[in-house]
Amino acid sequence: MKSVLILEDEPFIAMDLQLAFEDAGAEAAVTVSCDEAFAALAERAIDGAVLDVNLGHGETCEPIAVELRKRRIPFLLHTGDLDRAGEALRDFEAPIMAKPSGSDDVVARLFELRGTHETA
Amino acid sequence: MQRGDGGGARDTFDQAQQTGRGFSPEHDNFEGSSGLLFEQAMAQTRMAVCLSDPRQEDDPIVFCNKAFEKLTGYRQDEVIGRNCRFLQGPKTNQAQVAKLREAIRTEDVLVVELLNYRKDGSTFWNALHLGPIYDEQGELRYFFGSQWDVTDIHLARAEEKHAKAMAREVSHRLKNVFAVIGGIVNITGRAMDSRSVSNKINERVQALGRAYEPTLDEAAFGTIEVGQAIRSVLSPYDPEGDRFIFEGNGARTEPNAVSAMGLTLHELATNASKYGALSAEGGTIAVSWHHEEDRHGRQALIIDWKETGGPAITQTPTSTGTGFDIAERLLAYSRGTLDRNWEGDGLRARISLPLKA
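Residues numbered from 1 in each chain as written. Chains lettered and ligands numbered in written order. Predicted model: local features only at pLDDT ≥ 70, side-chain atom pairs only at ≥ 80, totals over all residues.

Caption draft 1: Representation of the overall build of chain A within the structure. Along its length, chain A carries 5 helices and 5 strands. Listed N to C, the secondary structure of chain A is β-α-β-α-β-α-β-α-β-α in terms of helices and strands. When burial is assessed residue by residue, chain A has 38% of its 120 residues classed as buried. (Helix = DSSP H or I, 4+ residues; strand = E, 2+ residues; numbered from the N terminus. Buried ≥ 20, exposed ≤ 12 C-beta atoms within 10 Å, placed from the backbone.)

As structure tokens, then:
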């Protein structure tokens, strides 16, 4: 896994994840909204993604999750409130990492997911 | 024999008869002793009752009792002859009304909760019980309706719902706060080239966060349930859910005890992951808790920790580790203790925390 997309509106969490991915040898594009995430998807190849569910002002990561699913790119939902993740997101059956989770654990989980994705 | 309030019901019957709208006690076997009992029961019950006649145009009410008047604010003479929809208003749930109509159409028994309006325009939640009454020939004669004011139940439900929503919101925000703290600690650790230190800090901080998290929902009680906090603290050490065996009742403790308890359990679990039962395939830890009198005669919360299936212990470890030192010291501030016994098949530990009287 070389290139990762992070969708996260909390700066400290975003930075921590980005550094953790860099430690693991992956480059991470950090985006704070679905619009930015779509732009990132358009301009580079993405191997996997970590999506914060609630992006503030009622925005969720659902549109990006739909797009990633369409492109068969593996992703994790990273959220503090599963109940508010919404019905649509629950239907994705994407792996969920409950906040707070260690950033290294999040990285390891996504790599694991990528592994099963590639062999599947 | 005293008739008491029964007179009210008699008035109603008389009135109904006088208005000629078809309610006739004689014809409907409301005469004789059963008629008298019916009248008295109707007059005395606090449950609002009305009868309507579906054979008449628009199913008008032909009888109502005192409690109905009291509940709705309408007098009998304002009620008799009208379809009971006059109790509905702008905020009455039309889906519930549709159910009502359907039940009347199919002659079904139904209980619905409706927002109804009194004569003075004020509202009340009405648990309406509706059912058909047949005569001896099996012909539909009346619809029976009993109204019960359940406004207080609705209020309590709404308050409970609100409190739960608030607790969930607080819990969500707290999780986010702890996630942000985790980020800050990791970033700082990286920047200062002290990842091992920052990891340790983070593990402890996050254990604390987990220990407090289940307390939020219950903050109103003033105390927290020990079992929930224990499960929550230990959950990350047992992803498959088959390593810990929990045993305890609904014992509660003060929120203040949570930090020392949470951190101590975290240290025990970390130790078990490195050297104890969690480091070996199939090793398990029994965690139990209860209240008892401690050695000073105070009520205390006792948490017992029993590891089995780990590597055999041949001697008591000489170095106890800074984690346990911190835990013991923290417990001491709450006048609690941590006892550890390294037995052959695994560590036995006991956390004892006095409860404030």
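Caption draft 2: Quick peek at the interface of chain A and chain B. Each partner contributes residues to the interface: chain A has 12 residues there, and chain B has 15 residues. The leading source of residues in the side of chain A that touches chain B is helix H1 (residues 11-23) of chain A, at 5 residues. (Contact = placed C-beta atoms within 7 Å.)

Caption draft 3: Broad picture of the sheet that holds strand S1 (residues 48-52) of chain B. Residues and elements named next belong to chain B. The 5 strands lie next to each other as S2-S1-S5-S4-S3, forming an open sheet whose pairing is antiparallel. Either end of the sheet is taken by a strand with one partner, and the two such strands are strand S2 (61-64) and strand S3 (110-117). Taken over all neighbouring pairs, the strand axes of this sheet differ in orientation by 30 degrees on average, direction set aside. For strand S4 (residues 123-134) and strand S5 (residues 140-149), the ladder comprises 9 bridges, and the chain directions are antiparallel. Residue pairing in the sheet places His 129 in a bridge with Ser 146 of S5. Along the sheet, helix H5 (residues 94-106) makes contact with S3, S4 and S5, crossing S3 at roughly 130 degrees. (Pairing = 2+ DSSP bridges. Axes fitted to C-alpha atoms, helices over the stretch in contact; angles between N-to-C directions.)

Caption draft 4: Structural detail: the pairing of S1(B). All names here are of chain B. Where burial is concerned, most of S1 is hidden: 4 out of the 5 residues are buried. Examined bridge by bridge, S1 and S5 share 5 bridges and lie antiparallel to one another. Residue pairing across strands places Ala 48 opposite Gln 147, the latter belonging to S5. Relative to S2, S1 runs antiparallel, the two sharing 3 bridges. The residue of S2 that forms the bridge with Cys 50 is Cys 64.

Caption draft 5: View of the confidence of the model for chain A. For chain A, per-residue confidence averages 86 on the pLDDT scale, and residues scoring 70 or more make up 88% of the total. Confidence scores differ between elements of chain A, with helix H4 (residues 87-90) of chain A showing the lowest mean pLDDT of 63 and strand S1 (residues 3-7) of chain A the highest of 96. (pLDDT = per-residue confidence, 0-100.)

Caption draft 6: A look at the packing of helix H6 (residues 151-191) of chain B against helix H7 (residues 195-212) of chain B. All names here are of chain B. One way to put it is that H6 packs onto H7 with a least axis distance of 8 Å and a crossing angle of 170 degrees. Taken together, H6 and H7 sit at an angle that is classed as roughly antiparallel. Note on element contacts: H7 touches H6 through Arg 195, Val 197, Ser 198, Asn 199, Ile 201, Asn 202, Val 205, Gln 206 and Gly 209, opposite Phe 178, Ile 181, Gly 182, Val 185, Asn 186, Thr 188, Gly 189 and Arg 190. Grouping the amino acids of the contact of H6 with H7 by side-chain chemistry returns 6 nonpolar, 9 polar and 2 charged. (Parallel < 35°, antiparallel > 145°, perpendicular 65-115°, else oblique. Nonpolar A, V, L, I, M, F, W, Y, C, P; charged D, E, K, R; others polar.)

Caption draft 7: Structural view of the sheet that holds strand S12 (residues 346-354) of chain B. All names here are of chain B. Read from one edge to the other, the open sheet built from 5 strands follows the order S7-S9-S10-S12-S11, with strand pairing classed as mixed. This sheet does not close on itself; its edge strands, each paired only once, are strand S7 (244-248) and strand S11 (337-343). Recorded for the sheet is a direction-independent mean angle of 15 degrees between the axes of neighbouring strands. Here S11 pairs with S12 via 7 bridges, running antiparallel. Counterpart to Thr 337 in the pairing with S12 is Ser 352. Seen against the sheet, helix H9 (residues 257-274) touches strand S9 (284-293), strand S10 (299-308), S11 and S12 and runs at an angle of roughly 175 degrees to S12. Against the sheet, helix H10 (residues 322-333) contacts S11 and S12, and its axis sits at roughly 140 degrees relative to S11.

Caption draft 8: Geometry of the nonpolar core. B:Ala229, B:Ile230, B:Met261 and B:Leu353 are the most contacted members of the largest nonpolar core, which has 35 residues in total. Counting only elements with at least two residues in this core, the list comes to H7, helix H8 (226-234), H9, S9, S10, H10 and S12 of chain B. For this core, the leading source of residues is H9(B), giving 9 residues. In this view, B:Leu353 contacts B:Thr253, B:Ala257, B:Ala260, B:Met261, B:Ala300, B:Leu301, B:Leu331, B:Ser334 and B:Gly336; residues no more than four positions away in its chain are not counted. In terms of nonpolar packing, the next biggest core, distinct from the first, is built from 32 residues, A:Leu5, A:Ala29, A:Ala49 and A:Leu77 among them. (Core = buried A, V, L, I, M, F, W, Y, C linked by C-beta atoms within 7 Å.)

Caption draft 9: Representation of H7(B). The end-to-end C-alpha distance of H7(B) is 25 Å, a good match for the 26 Å that 18 residues give at a rise of 1.5 Å each. The elements touched by buried residues of H7(B) are H6, H8 and H9 of chain B. (Expected span 1.5 Å × (residues − 1).)

Caption draft 10: Inspection of the packing of H1(A) against H6(B) at higher detail. With their axes 8 Å apart at the nearest point, H1(A) and H6(B) run at an angle of 45 degrees to one another. By the criterion of interaxial angle, the relationship of H1(A) to H6(B) is oblique. Here H1(A) and H6(B) pass one another in a crossing that is left-handed. For the pair H1(A) and H6(B), contact is made by A:Phe12, A:Ile13, A:Met15, A:Asp16 and A:Leu19 and by B:Ala179, B:Val180, B:Gly182, B:Gly183, B:Ile184, B:Asn186, B:Ile187 and B:Arg190, respectively. (Left-handed = near helix turned anticlockwise from the far one by under 90°.)

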